[in-house]
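Fold and contact review
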Amino acid sequence: VDAFQAWCGPCKTVVDLFQKVRNEVGSNLLHFAVAEVDSIDALEGYRGQCQPVFLFYAEGELVAVVRGVNAPLLQKTILEQL
């Protein structure tokens, strides 16, 4: 989940990375979503940050967090979690 604030919007540059990885591992294993933290109370802890935050969930549980746009770390985290 790309957790973003309305003033900066979702991280468009990372969408390409997620699509590339999804094509490599199969579309049924990886799902990508965006969530505006200003409108979701459960994500209020991520408000007021000036960098994107990527939340990784498995079976409904938060399993990893990557702060900032770090493509190698995002790809590594995705593959580790799969």
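Preceding block: the structure.
The text that follows walks through the structure, step by step, so that each part is easy to find. (Residues numbered from 1 in each chain as written. Predicted model: local features only at pLDDT ≥ 70, side-chain atom pairs only at ≥ 80, totals over all residues. Heavy atoms only, no water.)

Let's shift gears to unusual backbone geometry. Despite not being glycine, Glu59 shows a phi value in the positive range, around 50°. Position of Glu59 relative to the elements: it lies in the loop between β3 (53–58) and β4 (61–67). With relative accessibility at 85%, the residue Glu59 sits in the exposed group. (Helix = DSSP H or I, 4+ residues; strand = E, 2+ residues; numbered from the N terminus. Buried < 20%, exposed > 50% of the residue type's maximum accessible area, 1.4 Å probe, protein only.)

Under the defined criterion, the tally for this structure stands at four salt bridges. Close ionic contact of Arg47 with Asp41 constitutes a salt bridge, the shortest N to O distance being 3.8 Å. Looking at Arg47, the relative accessible area reads 29%, which means it is partly exposed. With relative accessibility at 64%, the residue Asp41 sits in the exposed group. For Glu44, the salt bridge identified is with Arg47, shortest N-O distance 4.0 Å. Residues joined by salt bridges that share partners form a network here, namely Asp41, Glu44 and Arg47. (Salt bridge = Lys/Arg side-chain N within 4 Å of Asp/Glu carboxyl O.)

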